[in-house]
Amino acid sequence: MNYKLIIAEKIAKAAELNVDDVQKLIEIPPKPEMGDFAFPCFQLAKVFRKAPNLIAQELSEKIDKDGLEKVETVGGYLNFFVDKASFSKGVIEKILTEGENYGHSKIGEGKTVTIDFSSPNIAKPFHVGHLCSTAIGNSLYKILSSQGYNCVGINHLGDWGTQFGKLIAAYERWVDEEALQKEPIKELLRIYVKFHDEAEKDPSLEDIARQHFKNLEDGHEKEVKLWQKIKDVSLMEFNRIYDMLNIKFDSYAGESFYNDKMDAVVEELKQKNLLVESKGAQVVNLDEYNMPPCIILKADGASIYATRDLAAAIYRKKTYDFYKNIYVVGMDQSLHFKQVFTTLKLMGYDWADNCVHVGFGLVKFADKKLSTRKGDVIFLEDLLNEGIARAKQAIEEKNPSLENKDEVAKKVGLGAVIFTYLKNNREREIIFNFDDILSFDGETGPYVQYSYARAKSILRRAEEEKSTASADFTKLSSQEEFELVKLLASFNEAILLSIEKYEPSIVTRYIIDVAKAFNKFYNLCPILSCEDEGLKAARLKLVEASTYVIKNGLALLGIDVVEKM
Ligand code: ARG
């Protein structure tokens, strides 16, 4: 039951217009006095050759009022006031029937979306920027899947490049195998840094590294084996983080996967007369688009990041025939993606228009302790563990007798971190401060999880009472109840908007609003102590409906709920 659609149908019928066009124009007014839905008649003035207020007037008389309390005209607007009782009943019953599927739809069926996300670099720390990509990408995956899209999550690992020559040279000289097994990335980072220190004293090391990389490219057994080992131990560590966050990928085809697919791209570019020489390198000129050239082959013949992305995009189109091909990568790579997409277009691939760079901004740490502990890099695992430890501490203080404290702390701590990453418009800078993100009463993960647990506890207590009264929805008449119902009704709309803008924060903000509206309702309307049995039963159904929306909403962000906290 989609009220917007019902109203759109009424208007469309009265005005003899197309329902879809009408639905797009319907607004949700900022204040309840202005109605539950509003239809602006300004755009119709041209079609009907009449003043908008006249059109509104005429339509208001023609419209079928069934299910509506009243229709008012204000200037060029038609304001609709729905019949609260039938609206509330319809919405709540729909939610309770659909349960964990409430909010979902099938509009994406038959369409595949490839999502390139997380994509850390082997032998380097999984840093906070990668967590942004991981959280946003994972959420988009879930959001799109909820609407029936077939999603393919791709971890485009940075597993190729000249740095592997250096790593191999360093490995052979200085690796501590024990440390490597225990904390692979830290050990790889240590020997990599050592390589640079030593190479300053002894430049011949650079030549050795270059030779190793050349051997690696030529498939020499020793180098390939070491590269594979470095990759394996790095993945072991990355997988620990993915497991912790319960994140899965459908493909780990990283940069090295395209080694044997790039010659064809270079050949194709040549044939299409797109390659020109510039300072010894082969590039695609993008002057016309006010961009620096896209470098395809460096002067030494080595292919680079962009070439791999061209090969990857073509491969993805062939393999998955995507409807959209999304890259969740920091905005510092905006130019790179513009160059790649433009080059694809120049190659004659119109589907380049379906490639989307979903960028995000920087993360800043207000917490001094975190940002200085290990030099410049923040190890993500440390950050997550710190979140869990602090959540545990808060639980010990607030609810020391809680069962499975560790499990709850894990869900709350990780939830708080992820929530922070998904709360603001993704292009905005994130200021990360543990005290704020773990607070139970800000716009935080714990606040939402707590609202859910609170609702669940009411439902548990009601269950014990074994009341058989049936819900009387005509009694849900307070402002707080109706605002909550209306909000619950617009879940799917929030999801669709977040898809349109590739913006999980629209869902996050929506859940915050639901939690706030729920708490307002909870604080102002007695539930368990309500004396009117029919009203009490209706309120309990509203509580239950709210729990589904919060749970389903958090699931789209990759955050678990807790039944008690
Ligand atoms: N590994 C890259 C980095 O850490 C991100 C890769 C993004 N994906 C891509 N197809 N270029 O910066």
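Above: the structure in question.
Notes on the structure in this doc start here. All of these numbers come straight from a predicted model, not from anything done at the bench.

Considering the overall build of the protein chain
Consideration 1: What the protein chain contains, in helices and strands, is 23 helices and twelve strands.
Consideration 2: Considered along the principal axes of its C-alpha atoms, the protein chain spans approximately 85 × 65 × 35 Å.
Consideration 3: Contacts spanning at least 24 positions in sequence make up 72% of the contacts within the protein chain whose residues lie at least 6 apart.
Consideration 4: Accessible surface computed for the protein chain: about 26100 Å², of which carbon and sulfur atoms make up 49%.

Regarding the sheet that holds strand 9 (residues 324–328)
Consideration 1: Overall, parallel pairing links the four strands, which are arranged 5-4-9-10 in an open sheet. Looking along the sheet, the strands with just one partner apiece sit at the ends: strand 5 (150–154) and strand 10 (355–358). The sheet shows a mean angle of 20 degrees between the axes of neighbouring strands, direction not considered.
Consideration 2: Taken together, the five bridges between strand 4 (residues 112–116) and strand 5 define a ladder with parallel strand orientation. Bridge pairing in strand 5 links D116 to I154.

Re the sheet that holds strand 6 (residues 275–278)
Consideration 1: Taken in spatial order, the three strands line up as 6-7-8 in an open sheet, and their pairing is antiparallel. Both outer strands of the open sheet, strand 6 and strand 8 (294–297), are each paired with one neighbouring strand and no more. This sheet shows a mean twist of 45 degrees between the axes of neighbouring strands, independent of strand direction.
Consideration 2: With three bridges connecting them, strand 7 (residues 281–284) and strand 8 associate as antiparallel partners. Counterpart to V284 in the pairing with strand 8 is C294.

Re the side chain of E187
Consideration 1: Along the polypeptide, E187 turns up in helix 9 (residues 184–201).
Consideration 2: Leave out the neighbours within four places in its chain, and E187 touches W174, V175, D176, A179 and L180.

As for the site of the ligand
Consideration 1: Taken together, D116, S119, N121, H130, H156, Y305, D309, Y327, V329, Q333 and F337 make up the full set of residues adjacent to the ligand.
Consideration 2: D116 places a polar side-chain atom, nitrogen or oxygen, 2.8 Å from a nitrogen atom of the ligand.
Consideration 3: In the model, a nitrogen atom of the ligand is placed 2.7 Å from a nitrogen or oxygen of the N121 side chain.
Consideration 4: Burial of the ligand by the protein amounts to 90% of the accessible area it has alone, namely 350 Å².
Consideration 5: For the shell around the ligand, a count of residues per class yields four nonpolar, five polar and two charged.

A look at the environment of E429
Consideration 1: Its place among the elements puts E429 in the loop between helix 17 (405–423) and strand 12 (430–432).
Consideration 2: Put simply, E429 and G361 are 68 residues apart on the chain and 5.1 Å apart in space, counted from C-alpha to C-alpha.
Consideration 3: In this view, E429 contacts L362 and K364; residues no more than four positions away in its chain are not counted.
Consideration 4: At 3.1 Å, the side chain of E429 and the side chain of K364 are in polar contact.

Here we look at the pairing of strand 2 (residues 68–74)
Consideration 1: The pairing of strand 2 with strand 3 (residues 77–82) spans six bridges and is classified as antiparallel. Bridge assignment links E72 to a residue of strand 3, and that residue is N79.
Consideration 2: Linkage of strand 2 to strand 3, two consecutive antiparallel strands, is achieved through a turn of two residues, within which G75 is found at a positive phi near 60 degrees.

Focus on the packing of aromatic side chains
Consideration 1: Following the criterion strictly, the structure yields 26 aromatic pairs and no others.
Consideration 2: Pairing F126 with F238 gives two aromatic rings, centres 5.6 Å apart and planes at 65 degrees, and the pair type is edge-to-face. Here F126 is found in the loop between strand 4 and helix 6 (128–146), whereas its partner F238 is found in helix 11 (residues 221–245), with 112 residues between them in sequence. The same class applies to F126 and to F238, which are both buried.
Consideration 3: Here F491 and Y510 contribute two aromatic rings whose centre-to-centre distance is 5.4 Å and whose plane-to-plane angle is 10 degrees, an arrangement assigned as stacked. Within this pair, whereas F491 is found in helix 21 (residues 491–500), its partner Y510 is found in helix 22 (residues 504–524), the two being separated by 19 residues in sequence.
Consideration 4: For F491, a relative accessible area of 1% puts it in the buried group.
Consideration 5: One aromatic cluster is present, formed by F117, F126, F238, Y242, F249 and Y252 through successive ring pairs.
Consideration 6: Sitting over the face of the ring of Y349, K272 holds its NZ or CZ atom 4.9 Å from the ring centroid.

Regarding the pairing of strand 10
Consideration 1: On strand 10, burial covers both faces: C355 and H357 on one face and V356 and V358 on the other are all buried.
Consideration 2: Of the pairings in the sheet, the one linking strand 9 to strand 10 comprises four bridges and is parallel in character. Note on strand 10: the bridge partner recorded for N325 is C355.
Consideration 3: Handedness of the crossover joining strand 9 and strand 10 through helix 14 (residues 334–346): right-handed.

Observations regarding helix 12 (residues 262–271)
Consideration 1: By the burial criterion, the buried members of helix 12 are M262, V265, V266, E268 and L269. Across the axial projection of helix 12, the buried residues extend over an arc of 160 degrees, all falling on one side. The exposed residues of helix 12 that point more than 90 degrees off its buried face are D263, A264 and Q271.
Consideration 2: Once helix 12 finishes, N273 follows within two positions and takes phi at roughly 55 degrees, a positive value.

Each value, and the rule that gives it
Residues numbered from 1 in each chain as written. Predicted model: local features only at pLDDT ≥ 70, side-chain atom pairs only at ≥ 80, totals over all residues. Heavy atoms only, no water. Helix = DSSP H or I, 4+ residues; strand = E, 2+ residues; numbered from the N terminus. Contact = heavy atoms within 4.5 Å. Areas by Shrake-Rupley, 256 points an atom, 1.4 Å probe, with all protein chains shown as cover. Pairing = 2+ DSSP bridges. Axes fitted to C-alpha atoms, helices over the stretch in contact; angles between N-to-C directions. Near = heavy atom within 4 Å. Polar contact = N/O pair within 3.5 Å; in protein donor to acceptor, adjacent residues only side chain to side chain. Nonpolar A, V, L, I, M, F, W, Y, C, P; charged D, E, K, R; others polar. Phe/Tyr/Trp six-rings, centres within 6.5 Å; stacked < 30°, edge-to-face > 60°. Buried < 20%, exposed > 50% of the residue type's maximum accessible area, 1.4 Å probe, protein only. Lys NZ or Arg CZ within 6 Å of the ring centre and 35° of its normal. Right-handed = clockwise from strand over helix to strand, strands pointing away. Arc of directions from axis to C-beta.

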